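Report on the structure
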Amino acid sequence: MSSGTAPVLEMRSITKTFPGVKALSEVELTVREGEIHAICGENGAGKSTLMKVLSGVHPHGSYQGDIVFRGEPCAFKDIRASERRGIVIIHQELALVPYLSLAENIFLGNEHATRGVIHWNDTLGHAGKLLRRVGLTDPPLTRVADIGVGKQQLVEIAKALSKEVKLLILDEPTAALNDEDSAKLLDLLLEFRAQGISCILISHKLGEIRKVADSVTILRDGRTIETLTVRETPDAEPVVSEDRIIRGMVGRDLDHRFPERTPYEGDDAGETAFAVSGWTVHHPIDQQRKVVDNVSVEVRRGEIVGIAGLMGAGRTELAMSVFGRSYGRYAAGSVYVDGREVSTRTVPAAVRHGIAYVTEDRKTYGLNLGDHVSRNISLAALDKVAHRGVVSEHEETRVAERFRKSMNIKAPTVFEPVGRLSGGNQQKVVLSKWIFAGPEVLILDEPTRGIDVGAKYEIYTVINDLAAQGKAVVFISSELPELLGMCDRIYTMAAGRLTGEVARADATQEVLMRHMTMDRSLTATTPGRTDGPADQERGLTG
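Per chain, the residues get numbers from 1 upward, laid out in the order the sequence is written. With the structure being a predicted model, the display of local features is reserved for residues of pLDDT at least 70 and the display and counting of side-chain atom pairs for 80 or more, all residues being used for whole-chain, interface and lining totals. Neither water nor hydrogens contribute to the side-chain values; these are computed over all heavy atoms in the structure.

Further remarks concern the overall build of the protein. In terms of helices and strands, the protein carries 17 helices and 24 strands. Every radius of gyration here is taken over C-alpha atoms, with the globule rule written as 2.2 Å times N^0.38, N being the number of residues. In terms of C-alpha radius of gyration, the protein reaches 24 Å, essentially the compact-globule figure of 24 Å for 542 residues. For the protein, the spread of C-alpha atoms along the principal axes amounts to about 70 × 55 × 50 Å. Across the 542 residues in the protein, those meeting the buried criterion constitute 54%. The helix count covers DSSP runs of H or I at least four residues long, the strand count covers runs of E at least two residues long, and both are numbered beginning at the N terminus. Whether a residue is buried, partly exposed or exposed follows from its accessible area with a 1.4 Å probe, protein chains only, as a fraction of its type maximum: under 20%, in between, or over 50%, in that order.

As structure tokens, this is what we get:
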């Protein structure tokens, strides 16, 4: 983007302090008219805090510094004040009411009404136009609960457009989306740029930034490190590499995205530690539909085995149903640990047999966000810090301090509420919880979703260390480079069935994608076959 374009936004010397923590220190940000401006940084760098200052979530007076929007100083007292100026933020956690219609959500708090009476014809007509503008053909009366998360993200953008947005802020908009939905959303941002709408994009996915951004500002430890030009003109090729952005984020070169692996050399190396045979699970509501269909996998001691698949392929359904039958209705199949068949009918039973499951949704299922780090780490193994049924707070604190240091959890103390930590540090707490439980089998479902490259590297190192100790690791991920960089073997799934098993030496993104998208006409249940594309109507990713 040409440097001659006038600024639409200037944030000058922004400093924000929370009790005991300086989240932002003299931050500078300039966004030019009609550009897509990315903001990068490790978890905890201050990206979301800066946007909360801009959007009025942190009101004027609670921070130092100046905000100038379209040449005028601004002092937003709340989020409504920023929206009246055309600044609209879409948070990573979508703010939609699932049982209201698309139209009702779009105009929630901004209703077309006279004296409290809603004009439904105007509401539905205007909502339909906004939905079409973002590429949705669903009727305005469709419930949000009845559409997938990719479409929900577009509804949030339609909601922003209803407020006559001039500057659209998107915080990790593609974190929970599959590749197809992510591509649609990024194409929509390019359309908005062509229409003159400026965008701020916060993302850990550097490939996306190089695809759509004109400029990128890098934050580190609450400070502005630098602003880089990504492309000189909207149609030009990017002139900055991912490695260059990473160097600014972490303060050093990352010679390798994935740490070196030390193979397990115990006496039982190569022996099967975990196996699932003929596993079949029906949908919890539509009991005629199989979400996992006759799946068999095995993992040897010291091995990291990946599971790849598109949204709806059945990866998460497989993991959750094996772990205490936490999803769907069990139909058939057996679970084996060290060659012995075990019952995983309940979560406590699975844990007793040495199986741990790190969920893809850490905020809902993995953590108690209101409780502190110490209690979250001990939750899965309270008996280890208890005496005669009474938890020893001293022992709980001692254990948590050990993990805070060994896992490099960035928290002032172990009594910090987990909800205040960055995504990467929250994930380290989840991993600490399960490592403390002492499992022999770890099922990791999207263990690095929504976290930065530096924190990813640390988590990869932890996973490699677990494998080097002889643990059996199942690694589920939507990022194919991550699977290729971490796994010894990779299973592929589609429509609830195994479609392939690929050794590390033979695995490429093209090979995996071919297995993940096999044709519906190939109906055999053996690996390499599938009964069709995944159903993407459910909200559950997997």
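That was the structure; now back to the text.
Further remarks concern the packing of helix α4 (residues 120–133) against helix α5 (residues 149–161). Packing of α4 against α5 leaves a shortest axis separation of 9 Å and a crossing angle of 120 degrees. The orientation of α4 relative to α5 falls into the category oblique. The crossing of α4 and α5 is right-handed. Together, L130, L131 and R133 of α4 and V155, A158 and L161 of α5 make up the contact between the two elements. Three classes are used: nonpolar for Ala, Val, Leu, Ile, Met, Phe, Trp, Tyr, Cys and Pro, charged for Asp, Glu, Lys and Arg, and polar for all others, with Gly counted as polar. Across the contact of α4 with α5, the residue classes tally to five nonpolar, no polar and one charged. The axes are straight lines fitted to the C-alpha atoms, using for helices just the contacting stretch, and the angles between their N-to-C directions are given from 0 to 180°. Roughly parallel refers to an angle under 35 degrees, roughly antiparallel to one over 145, roughly perpendicular to one between 65 and 115, and oblique to any angle outside these ranges. Here is the rule for handedness: rotate from the far helix to the near one, and if that takes an anticlockwise turn smaller than a right angle the crossing is left-handed, while a clockwise turn gives right-handed. Contact criterion: two residues are considered in contact whenever any of their non-hydrogen atoms come within 4.5 Å of each other.

Quick look at the environment of E191 now. Considering the arrangement of structural elements, one finds E191 in helix α6 (residues 179–194). In this structure, the C-alpha to C-alpha distance between E191 and V134, residues 57 residues apart in sequence, is 9.6 Å.

The next thing to look at is the nonpolar core. We call a set of buried residues a nonpolar core when its members are Ala, Val, Leu, Ile, Met, Phe, Trp, Tyr or Cys and they connect through side-chain atoms within 4.5 Å of each other. Ranked by internal contacts, the top residues of the largest apolar core, which has 79 residues, are F274, I355 and I443. The biggest single contributor to this core is helix α15 (residues 453–468), with seven residues. Sequence-distant contacts of F274, defined by excluding residues within four places in its chain, comprise V297, E298, V299, V322, V335, Y336, V337, I355, V441, I443 and V474. The next biggest cluster of nonpolar side chains, apart from the first, holds 51 residues, and it includes L185, L186, V212 and V230.

Moving on: the sheet that holds strand β1 (residues 7–18). In any sheet, the strands associate via hydrogen bonds between backbone groups, in a parallel or an antiparallel arrangement. The four strands lie next to each other as β2-β1-β4-β5, forming an open sheet whose pairing is antiparallel. The sheet terminates laterally at β2 (21–32) and β5 (72–74), the two strands that pair on one side only. Each neighbouring strand pair of the sheet contributes to a mean axis angle of 25 degrees, computed without reference to strand direction. Two strands are said to pair when DSSP picks up at least two bridges between them. Looking at chain direction, β1 and β2 are connected through eight bridges and run antiparallel. Bridge assignment links I14 to a residue of β2, and that residue is V27. This element, helix α1 (residues 47–55), spans β1, β2 and β4 (64–69) of the sheet and lies at about 115 degrees to β1.

Before going further, it helps to spend a moment on the pairing of β1. Here β1 runs beside β4; their pairing, made up of five bridges, is antiparallel. For L9, the partnering residue across the bridge sits in β4 and is F69.

All right, on to the sheet that holds strand β12 (residues 223–229) then. Reading across the sheet, the six strands line up as β6-β9-β10-β3-β11-β12 and stay open at both edges, with mixed pairing between neighbours. At either margin of the open sheet sits one strand with a lone partner, and together these are β6 (87–90) and β12. This sheet shows a mean twist of 20 degrees between the axes of neighbouring strands, independent of strand direction. Contacts between α1 and the sheet are confined to β3 (36–40), β6, β9 (167–171), β10 (198–202) and β11 (215–220), with β10 contributing the most and set at about 150 degrees to the helix.

We now examine the packing of helix α13 (residues 393–406) against helix α14 (residues 423–436). Two elements in contact, α13 and α14, have axes whose closest approach is 11 Å; the angle formed by their N-to-C orientations is 125 degrees. The angle between α13 and α14 places the two elements in the oblique class. Along this stretch, α13 crosses α14, giving a crossing that reads as right-handed. Here V399, R402 and F403 of α13 come into contact with α14, specifically with S432, I435 and F436. Residue classes in the contact of α13 with α14 are distributed as four nonpolar, one polar and one charged.

Here the focus is the side chain of T492. Within the fold, T492 resides in strand β23 (residues 489–494). A relative accessible area of 0% places T492 in the buried class. Apart from residues lying up to four places away in sequence, T492 is in contact with A308, R497, L498, T499, G500, L512, H515 and M516.

Okay, the environment of R143 next. Tracing the chain through its elements places R143 in the loop between α4 and α5. We classify R143 as partly exposed; its relative accessible area is 35%. C-alpha separation for the pair R143 and F415, spaced 272 residues apart in sequence, amounts to 40 Å. Aside from chain neighbours lying at most four places away, what touches R143 is P98, Y99, L100, S101 and L102.

Okay, the pattern of salt bridges next. Here, a salt bridge means any Lys or Arg side-chain nitrogen found within 4 Å of an Asp or Glu carboxyl oxygen. Tallying each qualifying case throughout the model produces 29 salt bridges. Between K163 and E83 there is a salt bridge; the shortest N-O distance is 3.1 Å. Taken together, the positions of K163 in the loop between α5 and β9 and E83 in helix α2 (residues 79–84) put the pair 80 residues apart, joining distant regions of the chain. The class of E83 is buried, set by a relative accessible area of 18%. With its nearest N and O atoms 3.9 Å apart, the salt bridge here joins R289 to D286. Since its relative accessible area comes to 24%, R289 is described here as partly exposed.

Residues are said to line a cavity or pocket when one of their atoms sits within 4 Å of a point; the points come from a 1 Å grid over protein atoms alone, cavities being sets where a 1.4 Å probe fits but cannot get out and pockets being open sets with protein on both sides within 12 Å along at least five of seven lines. Grid points are joined across faces, edges and corners, and a volume is the space filled by probe spheres set on the points. In this structure the tally under the stated criterion is one cavity of 30 Å³ or more. The space that makes up the largest cavity amounts to roughly 70 Å³. As for the largest cavity, its lining consists of F274, V276, V297, I307, L318, A319, V322, I443 and V474. Of all the secondary structure elements, the ones that give two or more residues to the lining of the largest cavity are β13 (272–282) and α9 (315–322). At three residues, α9 tops the list of elements feeding residues into the lining of the largest cavity. Of the residues assigned to the lining of the largest cavity, the class counts are nine nonpolar, no polar and no charged.

All we've got here are geometric facts, nothing functional implied.
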